[in-house]
Amino acid sequence: MPDTDLGCEIMSMGDKKYLSKAKMENDFFRFFIETMVEEIVVNDKPFDLYKEQLKKLCTAEGVDYDNLECDLEDFIQTMQIGLRGDPYAGALGMAIVFKDCEECYVSEEKVEEICEKMANFGGKM
């Protein structure tokens, strides 16, 4: 597949062209996922509450739901360990979180915001 000057792969599917998830521009999709991750990590909401809506949004965006669900589960679990675990595991976990956040449609700024909330409120709001 050819690369664009933005470093994203373009896949042709009939008349439609889809950018890889690294370049997706739907702000609501990202907002939904970032808000969901924050609710799960900071407020201990269950991921299952969001799965049906996430699946609908993935379908609308042409995103593979099964892969994203798996990635998000790993991302959230790693973030929780990073923020609540022992200092060594926490530092390693958060390094992984920052490395993988964009693949899960979560900005580094949102990860930093969640970390700050966890520090300020002890994990519960």
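For the structure, check the block above.
Rules and cut-offs
- Residues numbered from 1 in each chain as written.
- Predicted model: local features only at pLDDT ≥ 70, side-chain atom pairs only at ≥ 80, totals over all residues.
- Heavy atoms only, no water.
- Helix = DSSP H or I, 4+ residues; strand = E, 2+ residues; numbered from the N terminus.
- Buried < 20%, exposed > 50% of the residue type's maximum accessible area, 1.4 Å probe, protein only.
- Contact = heavy atoms within 4.5 Å.
- Salt bridge = Lys/Arg side-chain N within 4 Å of Asp/Glu carboxyl O.
- Expected span 1.5 Å × (residues − 1).
- Bend = angle between axes of the 7 residues up to and from the residue.
- Axes fitted to C-alpha atoms, helices over the stretch in contact; angles between N-to-C directions.
- Parallel < 35°, antiparallel > 145°, perpendicular 65-115°, else oblique.
- Left-handed = near helix turned anticlockwise from the far one by under 90°.
- Core = buried A, V, L, I, M, F, W, Y, C linked by side-chain atoms within 4.5 Å.
- Phe/Tyr/Trp six-rings, centres within 6.5 Å; stacked < 30°, edge-to-face > 60°.

**Student:** Teacher, can you tell me more about the overall build of the protein here?
**Tutor:** For the protein, the helix and strand inventory stands at 5 helices and 2 strands. Within the protein, the fraction of its 125 residues that count as buried is 34%. Taking contacts inside the protein between residues at least 6 apart in sequence as the whole, the part at least 24 apart equals 54%.

**Student:** What's the story with the pattern of salt bridges in this structure? I'm lost.
**Tutor:** According to the stated counting rule, one finds 11 salt bridges in the structure shown. For K110, the salt bridge goes to E38, with nearest N and O atoms at 2.5 Å. Placement of the pair is K110 in helix α5 (residues 108-121) and E38 in helix α1 (residues 27-43), with a sequence separation of 72 residues. Since its relative accessible area comes to 9%, E38 is described here as buried. In this structure, E113 and K117 form a salt bridge, with 3.6 Å as the shortest nitrogen-oxygen distance. With E113 and K117 both in helix α5, this residue pair falls 4 residues apart, about one helical turn.

**Student:** How should I be thinking about helix α2 (residues 48-61) in this particular structure?
**Tutor:** An ideal rise of 1.5 Å per residue puts 20 Å on 14 residues; α2 measures up with 20 Å between its terminal C-alpha atoms. For α2, the principal kink sits at L54 and spans about 25 degrees. What α2 keeps buried is the set Y50, K51, L54, L57 and C58. Those residues of α2 that are buried are in contact with α1 and α3 (65-84).

**Student:** Would you mind going over the packing of α1 against α2 with me for this structure?
**Tutor:** Angle between the axes and distance between the axes are the two parameters that describe a pair of packed helices. Interhelical geometry of α1 versus α2 gives an angle of 160 degrees and a closest axis separation of 11 Å. When the axes of α1 and α2 are compared, the pair comes out roughly antiparallel. Remark: the crossing between α1 and α2 carries left-handed chirality. Taking contact as the criterion, the partners of F28, F29, F32, I33, M36, E39 and I40 in α1 are, on α2, Y50, Q53, L54, L57, C58 and E61.

**Student:** I tried to follow the environment of K55 on my own but got confused; where do I start?
**Tutor:** Turning to its location among the elements, K55 is positioned in helix α2. Through-space distance from the C-alpha of K55 to that of Y65 is 5.8 Å; in sequence the pair is 10 residues apart.

**Student:** Help me understand the nonpolar core, please; the structure alone is not making it clear to me.
**Tutor:** It is characteristic of soluble globular proteins that their nonpolar side chains tend to be buried jointly. The biggest cluster of nonpolar side chains holds 30 residues, and the ones touching the most others in it are I33, M36, V37, L54 and F75. Contributions of two or more residues to this core are made by α1, α2, α3, α4 (87-100) and α5. When residues of this core are assigned to their parent elements, the largest contribution, 8 residues, is made by α1. Ignoring sequence-local partners within four residues, the contact set of I33 consists of L54, L68, L72, C104, Y105 and V106.

**Student:** Is there a simple way to think about the packing of aromatic side chains in this case?
**Tutor:** Aromatic ring pairs: the centre-centre distance and the angle between the two ring planes describe each pair. Enumeration according to the criterion identifies 2 aromatic pairs in this entry. With a centroid separation of 5.0 Å and an interplanar angle of 85 degrees, the aromatic rings of F29 and Y105 are classed as edge-to-face. Of the two residues, F29 sits in helix α1 while Y105 sits in the loop between α4 and α5, which places them 76 residues apart along the sequence. Side by side, F29 and Y105 carry an identical accessibility label, which is buried. Measuring from centroid to centroid gives 6.4 Å for F32 and Y50, while their planes differ by 70 degrees, and the two rings are edge-to-face. Within this pair, whereas F32 is found in helix α1, its partner Y50 is found in helix α2, the two being separated by 18 residues in sequence. There is no split in this pair, since F32 and Y50 are both buried.

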